[in-house]
Amino acid sequence: MTESKNSAVSAALEDRKQRIISRREIEGMIADGRHIIIFDGRVLKVDAWIKFHPGGDKSIKHMVGRDATDEINALHSNEARQRMLSFQIGRIEGRWTNFLPPIQGGKFRPYNKEDCTTASDSSSEPSTRASTPVFDDAVDEKTGLRRRNSSSTAASSVSSTPPADKNFEPRPFFLDARTQQEIVLDLAKYPPLDPACQDNIVKKYRALNERIRAEGLYDCNYFAYFIECCRYTLFATLSYLFLRWGWYGTSGFFLGCFWHQLVFTAHDAGHMGITHHFHVDTVIGIIIADYLGGLSLGWWKRNHNVHHIVTNAPEHDPDIEHMPFFAISHRFLTNLRSTYYDRVMKFDAAAQFLLKFQNYLYYPILLFGRFNLYRLSWEYLLLGQAPKKGPAWWHRWFELAGQVFFWTWFGYGVLYRSIPDWGNRILFLLISHMVTAPLHVQITLSHFAMSTADLGVNESFPQKMLRTTMDVDCPTWLDFFHGGLQFQAIHHLYPRIPRHNLRRTQKLVMEFCREVNIPYAIFSFYDGNKEVISKLGDVAKQVRIFEECRKACAEQGIFSDHHHHD
């Protein structure tokens, strides 16, 4: 009797999971604060999971109202994808048109049954969106792009939203014109955003994934890690020997080389690219990052998962949010609010000064990049940003133990006990940390020179990744120095491919790009650096123009007669 009752309940649950949910109903759920994402035609309500998600809540929030199939498949194991199905509440019919997620400014209407006469009454509606200084609330149904506000003029092109800040200053129209220009350039350079074209790209991208799997490129080359371990051991041994011999600068140099190389394996582990097992790879990653390097793997994962989903979006991607030191887009000159840090990235006096020289300060600032990573790691571990529940609940404690271990052996054992005077301690500290600077150059190189334009909600995941990421060309013998980060475009398409297989995968990705007419950006290390410096110099020039405009406005009172409109 109980068995038949149980089977009846599970059958009813299964039926409920299969019911077709209309677009209008989904919009209403999101308006009520529910976290709804589409995965492989299924409607998932992930409110109960968001607190437990090992990769943090922000990456989920950027997928609300969107078809997240490709992002989920790229970043998760089969087991994780199976677990997600327990959050299914229904299915959708036909092709899904993405909403703009609430975290990105999407507006959603509450749902009343009376509003909705048929299940598909609004399935063809354009996505909701945020108003911006450049675009009004109208969305082009064909492209999914926010349209130009026709009533805007050069003089009155200020934000249509009344500013909360009393010190708000209208900004020169050239910044908005520049945003529009970048979008137009990208639209000309990349495939059209119409559904048929983007669906074809997605279909071929998924077929390529199957081909990569069939060719064994997801299988880890463990012998390559044996070679890596030999290199790590060599650098650690040399650092120790020179420390004992009193060659403190040389010892610091080899310790920096040790850290520089280790980070690549921590990156692999963070993407489950070594054993493909969540806990095993996480433990490997934490031992390397926290115990040996003093950096938090959990912080990196939370940060990096968002970066993989909203790559190069000035408001959302923490990997390009470096105010007041760097701005890779003119949009940072407009007091953008970061959805990741949940604060305004102010274009204040410090930014106005530093950004004018950012192309000259790029390398000197990156020499100190590791010190900033310590700060971010401790913020993450102490301010409660780590998951407190779910499969990753214990990672924070394991990481805190790792931090104690690191600062005991490095801070006390090496810096304090093994080096006799403060002059040599500071020398050792600076050299060991500055030697890791090529890593920070490598990380920024693949994105700083690429597009930061927002092409709207209809752009497919593979096209966006290839538009915002570039590869660095280098000879095979130098692969160890770049650590797989030279294949960023491929890595962004398929983050879980082990790094030692990325070079073989490159040929297949180039073939895919030719087939779907997406430009594949690849530069030599030297040319890539030139591109980055040029982009930073370009924005620095705009800062100077902005300053001149402001002075002219202050002198002539150009904006004094204009008012903000609701």
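Residues numbered from 1 in each chain as written. Predicted model: local features only at pLDDT ≥ 70, side-chain atom pairs only at ≥ 80, totals over all residues. Heavy atoms only, no water.

If you tally the helices and strands in the protein chain, you get 22 helices and 9 strands. Expressed as a percentage of the 566 residues in the protein chain, the buried residues total 52%. Long-range pairs, those at least 24 residues apart, make up 73% of the contacts in the protein chain between residues at least 6 apart in sequence. (Helix = DSSP H or I, 4+ residues; strand = E, 2+ residues; numbered from the N terminus. Buried < 20%, exposed > 50% of the residue type's maximum accessible area, 1.4 Å probe, protein only. Contact = heavy atoms within 4.5 Å.)

A few words now on a nonpolar patch on the surface. Residues Leu-367, Phe-368, Trp-422, Ile-426 and Leu-430 make up a contiguous nonpolar surface patch of roughly 480 Å² in combined accessible area. Structurally, Phe-368 can be placed in the loop between helix 13 (358–366) and helix 14 (369–382). Of the residues examined, Phe-368 reaches a relative accessible area of 41% and is grouped as partly exposed. (Patch = residues over 30% accessible without salt bridge, like charges linked within 9 Å, V, L, I, M, F, W, Y side chains within 5 Å. Areas by Shrake-Rupley, 256 points an atom, 1.4 Å probe, with all protein chains shown as cover. Salt bridge = Lys/Arg side-chain N within 4 Å of Asp/Glu carboxyl O.)

Tallying each qualifying case throughout the model produces 35 aromatic pairs. When the ring of Phe-406 is compared with that of Trp-407, the centres are 4.8 Å apart and the planes differ by 85 degrees; the resulting orientation is edge-to-face. Ring-pair connections join several aromatic residues into one group, and the members of that group are Trp-259, Phe-368, Phe-371, Tyr-374, Phe-406, Trp-407, Trp-409, Phe-410 and Phe-428. It is Arg-370 that lies over the ring of Trp-259; its NZ or CZ is 4.4 Å from the centre. (Phe/Tyr/Trp six-rings, centres within 6.5 Å; stacked < 30°, edge-to-face > 60°. Lys NZ or Arg CZ within 6 Å of the ring centre and 35° of its normal.)

Pairing in this open sheet of 3 strands is antiparallel, and the strands run 1-2-3 from one edge to the other. Among the strands making up the open sheet, the edge pair consists of strand 1 (36–39) and strand 3 (88–91). Here the strands of the sheet are splayed against their neighbours by 30 degrees on average, with no regard to which way each runs. The pairing of strand 2 (residues 42–45) with strand 3 spans 3 bridges and is classified as antiparallel. Bridging from a neighbouring strand, Leu-44 pairs with Gln-88 of strand 3. (Pairing = 2+ DSSP bridges. Axes fitted to C-alpha atoms, helices over the stretch in contact; angles between N-to-C directions.)

Looking now at the pairing of strand 2. Strand direction decides the pairing type here: strand 1 and strand 2, joined by 4 bridges, are antiparallel. Counterpart to Ile-36 in the pairing with strand 2 is Lys-45. Linkage of strand 1 to strand 2, two consecutive antiparallel strands, is achieved through a turn of 2 residues, within which Asp-40 is found at a positive phi near 55 degrees.

Let's shift gears to helix 17 (residues 437–448). Spanning 12 residues, helix 17 covers 16 Å between terminal C-alpha atoms, matching the ideal 16 Å at 1.5 Å per step. Of all the positions in helix 17, only Ala-437, Leu-439, His-440, Val-441, Gln-442, Thr-444, Leu-445, Ser-446, His-447 and Phe-448 are classed as buried. (Expected span 1.5 Å × (residues − 1).)

What follows deals with the pattern of salt bridges. Enumeration according to the criterion identifies 20 salt bridges in this entry. Here Asp-186 ties to Arg-467 by a salt bridge, and the two come within 2.9 Å at their closest N and O atoms. You can see Asp-186 sitting in helix 6 (residues 173–189) and its partner Arg-467 sitting in helix 18 (residues 461–468), a full 281 residues away along the chain. In this structure Arg-467 comes out as buried when scored by relative accessible area, which is 1%. Across the pair Glu-215 and Arg-211 runs a salt bridge whose closest N-O atoms are separated by 3.3 Å. According to the relative accessible area criterion, Glu-215 is partly exposed, its value standing at 39%. Beyond isolated ion pairs, a larger network of salt bridges with shared partners links Glu-228, Arg-231, Asp-268 and Arg-499.

All right, on to the packing of helix 11 (residues 297–309) against helix 14 then. Viewed as axis vectors pointing N to C, helix 11 and helix 14 meet at an angle of 90 degrees, and their least axial separation amounts to 8 Å. With respect to each other, helix 11 and helix 14 are oriented roughly perpendicular. Facing helix 11, whose interface residues are Gly-298, Trp-299 and Arg-302, helix 14 presents Leu-373, Leu-376, Ser-377 and Tyr-380. Across the contact of helix 11 with helix 14, the residue classes break down as 4 nonpolar, 2 polar and 1 charged. (Parallel < 35°, antiparallel > 145°, perpendicular 65-115°, else oblique. Nonpolar A, V, L, I, M, F, W, Y, C, P; charged D, E, K, R; others polar.)

Structurally, the position occupied by Arg-66 is in the loop between helix 3 (58–61) and helix 4 (69–75). Despite being buried, Arg-66 has no salt bridge partner; Glu-71 is the closest side chain of opposite charge, sitting 4.5 Å away. Excluding anything up to four places from it in sequence, Arg-66 contacts Ile-37, Ile-38, Trp-96, Asn-98, Phe-99, Pro-101, Val-457 and Glu-459. (Lys, Arg positive; Asp, Glu negative; His and termini not counted.)

Moving on, we get to the packing of helix 9 (residues 248–270) against helix 15 (residues 395–418). Axis separation between helix 9 and helix 15 bottoms out at 13 Å; the angle between their running directions is 165 degrees. One way to sum up the angle between helix 9 and helix 15 is to call them roughly antiparallel. At the point where helix 9 passes helix 15, the crossing takes the left-handed sense. Counting all contacts with helix 9, which are made through Tyr-248, Leu-255 and Trp-259, the residues of helix 15 involved are Phe-406, Trp-409, Phe-410 and Ser-418. Broken down by class, the residue content of the contact of helix 9 with helix 15 amounts to 6 nonpolar, 1 polar and no charged. (Left-handed = near helix turned anticlockwise from the far one by under 90°.)

Turning next to the environment of Glu-25. Considering the arrangement of structural elements, one finds Glu-25 in helix 2 (residues 23–31). Not counting residues within four places of it along the chain, the set of residues in contact with Glu-25 comprises Arg-19 and Tyr-111. At 3.2 Å, the side chain of Glu-25 and the side chain of Arg-19 are in polar contact. (Polar contact = N/O pair within 3.5 Å; in protein donor to acceptor, adjacent residues only side chain to side chain.)

Before going further, it helps to spend a moment on the side chain of Arg-425. Positionally, Arg-425 belongs in helix 16 (residues 422–434). Among buried charged residues, Arg-425 stands out as having no salt bridge; its nearest opposite-charge side chain is Asp-421, 7.2 Å away. A distance of 3.0 Å separates the side chain of Arg-425 from the backbone oxygen of Leu-415, its partner in a polar contact. Polar side-chain contacts of Arg-425 include one of 3.0 Å to the backbone oxygen of Tyr-416. Among all residues touching Arg-425, those that are not within four sequence positions of it are Leu-415, Tyr-416, Ile-419 and Pro-420.

Before going further, it helps to examine the confidence of the model for the protein chain. Mean pLDDT over the protein chain stands at 82; residues scoring 70 or higher make up 85%. Under a pLDDT of 50 for its full length, residues 117–171 has, in the predicted model, 120 contacts with residues more than four places off or in other chains. Ignoring residues within four places in sequence, the model shows residues 559–566, a span with pLDDT below 50, making 15 contacts including any to other chains. (pLDDT = per-residue confidence, 0-100.)

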